[in-house]
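A closer look at the structure
Chain by chain, the residues run as shown.
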Amino acid sequence: MPALTRVFAKTSLFYLLVGLSTGVVLALRGWVRLPPLLTVLSPVYFHLLMLGWIAQLIFGVVYWMFPKYSPKAPRGREWLGWAVYGLLNAGLVLRAVAEPALAVYGGGWGGVLVIAAVLQWLAGLGFVVNTWPRVKER
Amino acid sequence: MPRLSCWFVRMALVYLLVGFTLGALLLAAKGLGRWPLLWRWLPAHIEFLVLGWTGQLILGVAFWIFPRFGGRRGREGPAWLAFGCFNLGVLMAGLGPALGAPAWVMTGGRLAEVAGIAAFIWHIWPRIKAIGM
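Criteria and thresholds
Residues numbered from 1 in each chain as written. Chains lettered and ligands numbered in written order. Predicted model: local features only at pLDDT ≥ 70, side-chain atom pairs only at ≥ 80, totals over all residues. Heavy atoms only, no water. Core = buried A, V, L, I, M, F, W, Y, C linked by side-chain atoms within 4.5 Å. Buried < 20%, exposed > 50% of the residue type's maximum accessible area, 1.4 Å probe, protein only. Helix = DSSP H or I, 4+ residues; strand = E, 2+ residues; numbered from the N terminus. Contact = heavy atoms within 4.5 Å. pLDDT = per-residue confidence, 0-100. Expected span 1.5 Å × (residues − 1). Arc of directions from axis to C-beta. Salt bridge = Lys/Arg side-chain N within 4 Å of Asp/Glu carboxyl O. Polar contact = N/O pair within 3.5 Å; in protein donor to acceptor, adjacent residues only side chain to side chain. Nonpolar A, V, L, I, M, F, W, Y, C, P; charged D, E, K, R; others polar.

**A look at the nonpolar core**
- Ranked by internal contacts, the top residues of the largest apolar core, which has 50 residues, are L16 and W53 of chain B.
- Of all the secondary-structure elements, those providing two or more residues to this core are α1 (3-28), α2 (42-65), α3 (78-105) and α4 (109-131) of chain A together with α1 (3-32), α2 (42-65), α3 (77-99) and α4 (103-124) of chain B.
- Here the element with the most residues in this core is α1 of chain B; it accounts for 10 residues.
- Apart from residues no more than four positions distant in its own chain, W53 of chain B is found in contact with A55, I58, F59 and F127 of chain A together with A12, L13, Y15, L16 and F48 of chain B.

Shown next as structure tokens:
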């Protein structure tokens, strides 16, 4: 298993744990008085699981298992794979902080959310660009 | 990778890119407090990423790597039917609400998704087997 896949997989497991823990916090809303910041976590909860866990695990396994790009560069552009990892996680962490902060405090957090959107979109674009040439018939 | 898997995976990548683009626009809209009409595209964002990307990638990879019968993948017709029905369904169910289409478009899309998955199960069921069977 290549290093990038290991990093993707371990990070995805971390997000699984954090995502499910966020679900516990959300379930507490019904019977425990929570700080406002912890009551607006629903979108973050979904994205920690769908993007942080599932998509990230898929990205890592696809990088590992898909048909080789070429004998010299079997997994395509490795630097782009690492860039996707960085962009995806930077975007997701920024989002996880800025989305509830914007809902509660407003103000400048909106700009951070826009940056998070751009980072996540670039991660998706980079993954597609690196993976597309490896989708080929034998 | 067999031809049908290539089609499934390529379509999944297209849905990934479109779904991420919609998601980024929605997140930016939330950050900027603008473009309220953009939220009509939230169901499409969810449909494209949950079924169009994740679900479809799973179907394509399953068709590729599940056990075979002496090198053959069994009846491929139902799997091709699944590809067509499933993608028609995702498009109808995703775009219907965003474009303000009549309710039957969404219902038809869901029906096409069910038909697609039923056809895929028809294909894949015999391939879920022990080694040597």
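**What about the confidence of the model for chain B?**
- When the pLDDT values of chain B are averaged, the result is 96; 100% of them are 70 or greater.
- Taken together, the chains of this predicted complex give a pTM of 0.95 and an interface ipTM of 0.94.

**Things to note about α4 of chain B**
All names here are of chain B.
- Taking 1.5 Å as the rise per residue, α4 with 22 residues should run 32 Å; its terminal C-alpha atoms sit 32 Å apart, in good agreement.
- Taken together, the buried positions of α4 are V105, G109, A112, E113, G116, A119, F120, H123 and I124. The buried residues of α4 occupy an angular sector of 130° when projected down its axis, which confines them to one face. When the buried face of α4 is taken as reference, the exposed residues oriented beyond 90 degrees from it are A103, W104, L111 and V114.
- Residues of α4 that are buried in the fold lie against α1, α2 and α3.

**Overview of the interface of chain B and chain A**
- Of the residues lining the interface, 25 residues belong to chain B; the matching set on chain A comes to 32 residues.
- Between chain B and chain A we count 2 salt bridges in total.
- Notably, a salt bridge pairs E137 of chain A with R3 of chain B, separated by 2.9 Å at the nearest N-O pair.
- Between the two partners, chain B and chain A, sit 4 residue pairs in polar contact (both at pLDDT 80 or more).
- Counting only elements with at least two residues in the side of chain B that touches chain A, the list comes to α1 and α2 of chain B.
- Element by element, the count of residues in the side of chain B that touches chain A is highest for α1 of chain B, at 16 residues.
- In the side of chain B that touches chain A, the residues fall into 18 nonpolar, 4 polar and 3 charged.

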